[in-house]
Amino acid sequence: FHEALSILEPLVVDEPDCYECWLSLGHTLSEVKQLARATSCYKKGMDIRPHDPDALLNYYHTKQQVIDWDERDVLFQRLKTVTEEQLSQRHLTTVGPYYSLLSPFDQEQMLGIAESHAIKAFDKIKYRLPFMPDTFGIELETPIFRLRVGYIMADFRHHVTAHLLQTVFQHHDQERFEVFCYALNPDDRSAFRRRIRDSVGDDHFRNMHGVTDDAVAIQINGDLVDVLIDTDYYKNRMSILALRPAPVQVNFLAHPGTSGASYVDHIIADRVVAPPDHALFFSESILVMSHHYQVNDHRASYPVSHSKSVAQIRAAEGLPLDKFVFCNFNGLYKIEPEAFELWVRIMTRVPDSVLWLVNENNESNTNLLQQAYKRGITRDRIILAERADFGPHIQRVRAADMFLDCFTYNAHTTAVDSLWGGLPVVTMPGHNMNMRLASGALYSFGPASETCVRSVADYEEVAVALASKGARARIKRRLNASWYANTLVAHTGGGE
């Protein structure tokens, strides 16, 4: 990237009206995490081509990352209008499935965005279909021996999805199921990848990094996989599924939304994140779990440890010993100004409190602290947590007192981590699946569901009420009692 910068930086000086130059410089600066400079580059691109959707999306998204909320509503409205125009003309949307999760699109728009990118994935490989083996596209037949199940993703690495799935494979009934994994990413030599590979066996763990879409599909089909489960987060390799290498193809876990693909048959969800009356906005049929659809490994890999007291953890993390600690461990880019305004009101009503957030980068941190200061919250009341690995982070969570959720892209794994640490999680479900993730986790956890609220006013009142000593002690006792008894935190049951 430094070589690219050395070319692009002088180029925009020599060619100040070159739209492509400014956009390329913005992309490169984003890659090296110089986000404030990247934002300026995208703004230059918008000035040159005011109606170009690529510059608009990148400008909007980069401002989200650095907690620059100026023009946020205006920019989103422009992005929404562009997206609606593209959908009405059956064009590929500039907003992709991942970016759609970060903004308050409605259900119909989310489905349309997913469908447009699923069609693009199909168009990429449709010329290959006549040349694929005859075993492609056949219907599922009753297996003679065991049902062959394949899992495909680009995150068999040190990543949150592998963190959740790491022991799932070994819990398949080996008399009924034969499991394959198809890794689209390079080997990072992480413990997660090694553990998954060991659980399915080297001869069933396929390293597909650098392999073409049709070659991956031929491998899956050659392994006689009956059910292919896509657990990929960004959905960048949907063309593999578009080739129909397996009779049944399923969307699961990582990406909290529909694939939009006619070639994906089912999505695994639950009645909270995907209620029956929302089925119209999923291209797949919904396979409903009796509990929350997320699996996790907390009981096996992260047993609750009391080797350190809460006071010791607070001292190590720079948290005050005598204050109520609200927290949110999502990336700062998920925080909307509406949610932050609400958190400030809660903190104002609970004066002996602090807010524990993630330390993202200097630009985001600085802007967030400025947003807090403008609203009357002093610097010493915002504590920024250094990034920690999964195990240490899960153990330190119990130093907080309450998790406050965002609105548009809910906490999911971070919400479950907090429940595992005995924290109440206050959340408000919205209309899309990505807005209902924490609610799904809470409802399956029993005593935690009372902190799932229906309005912003209820959110504020519940958070303030639970900050009182008596209420806090009661709900923590109830959460702690459910740690080991509930399917949510069992590694064999439901529960990113």
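Located above this text is the structure these notes cover.
**Some points on the pairing of strand E9 (residues 353-358)**
Among the six residues in E9, six count as buried, and that is most of the element. Inspection of the sheet shows strand E8 (residues 324-327) paired to E9 by four bridges, in the parallel sense. Bridge pairing links Val325 to Val354 in E9. You can see the chain leave E9, run along helix H15 (residues 362-374) and come back into strand E10 (residues 382-385), and the turn it takes is right-handed.

**Considerations on the nonpolar core**
One finds Leu25, Phe156, Leu165, Phe169, Phe252 and Met433 to be the most contacted residues of the largest nonpolar core, which totals 71 residues. Per-element accounting of this core gives the leading share, six residues, to helix H2 (residues 19-31). Membership of the second largest hydrophobic core comes to 35 residues, among which are Trp69, Phe324, Leu368 and Leu384.

**Describing the state of the cysteines**
On inspection of all chains with the given rule, the structure shows one disulfide. Each sulfur in the disulfide pair Cys18 and Cys21 lies 2.4 Å from the other. Between Cys18 and Cys21, the S-S dihedral sits near 70°, and the bridge is therefore right-handed. Judged on exposure class, the residue Cys18 and its partner Cys21 are both buried. Here Cys41 is not cross-linked by a disulfide; its sulfur's nearest cysteine counterpart is in Cys21, at 11 Å. Unpaired in this structure, Cys406 has its nearest cysteine sulfur neighbour in Cys327, at a distance of 11 Å.

**Examining the side chain of His298**
For His298, the position within the fold is in helix H12 (residues 298-301). With near-sequence residues (within four places) excluded, His298 lies in contact with His163, Pro303, Ile394, Val416, Asp417 and Trp420.

**Observations regarding the sheet that holds strand E3 (residues 205-207)**
Ordered in space as E3-E2-E1-E4-E5-E6-E7, the seven strands form an open sheet in which the pairing is parallel. The strands lining the two open edges of the sheet, one partner per strand, are E3 and strand E7 (285-289). Going across the sheet, the axis of each strand differs from the next one's by a mean of 25°, ignoring polarity. Each of strand E2 (177-183) and E3 is contacted by helix H9 (residues 191-200), which is oriented at about 130° to E3, the strand it contacts most.

**A few points about the environment of Gln371**
Looking at the element boundaries, Gln371 is found in helix H15. In this structure Gln371 comes out as buried when scored by relative accessible area, which is 8%. If we ignore the near neighbours within four places in the chain, the residues touching Gln371 are Ile67, Trp69 and Phe340.

**Notes on the pairing of strand E6 (residues 266-270)**
Counting buried residues in E6 gives four out of five residues, a clear majority hidden from the surface. With two bridges connecting them, strand E5 (residues 248-251) and E6 associate as parallel partners. Of the residues in E6, the one forming a bridge with Val250 is His266. Where E6 meets E7, five bridges bridge the pair, whose relative direction is parallel. Each residue of the ladder has a partner; that of Asp270, found in E7, is Met289.

**Some thoughts on a negative patch on the surface**
Together, Glu84, Glu85, Asp106 and Glu108 line one region of the surface with negative charge. With a relative accessible area of 59%, Glu108 lands in the exposed category.

**Some details on the side chain of Asn359**
When you line up the elements, Asn359 lands in the loop between E9 and H15. In this view, Asn359 contacts Asn365, Leu384, Ala385, Glu386 and Arg387; residues no more than four positions away in its chain are not counted.

How each quantity is defined
- Residues numbered from 1 in each chain as written.
- Predicted model: local features only at pLDDT ≥ 70, side-chain atom pairs only at ≥ 80, totals over all residues.
- Heavy atoms only, no water.
- Buried < 20%, exposed > 50% of the residue type's maximum accessible area, 1.4 Å probe, protein only.
- Helix = DSSP H or I, 4+ residues; strand = E, 2+ residues; numbered from the N terminus.
- Pairing = 2+ DSSP bridges.
- Right-handed = clockwise from strand over helix to strand, strands pointing away.
- Core = buried A, V, L, I, M, F, W, Y, C linked by side-chain atoms within 4.5 Å.
- Disulfide = S-S within 2.5 Å.
- Contact = heavy atoms within 4.5 Å.
- Axes fitted to C-alpha atoms, helices over the stretch in contact; angles between N-to-C directions.
- Patch = residues over 30% accessible without salt bridge, like charges linked within 9 Å, V, L, I, M, F, W, Y side chains within 5 Å.
- Areas by Shrake-Rupley, 256 points an atom, 1.4 Å probe, with all protein chains shown as cover.
- Salt bridge = Lys/Arg side-chain N within 4 Å of Asp/Glu carboxyl O.
- Lys, Arg positive; Asp, Glu negative; His and termini not counted.
- Charge placed at Lys NZ, Arg CZ, Asp CG, Glu CD.

Don't take any of this as a statement about function, it's just geometry.
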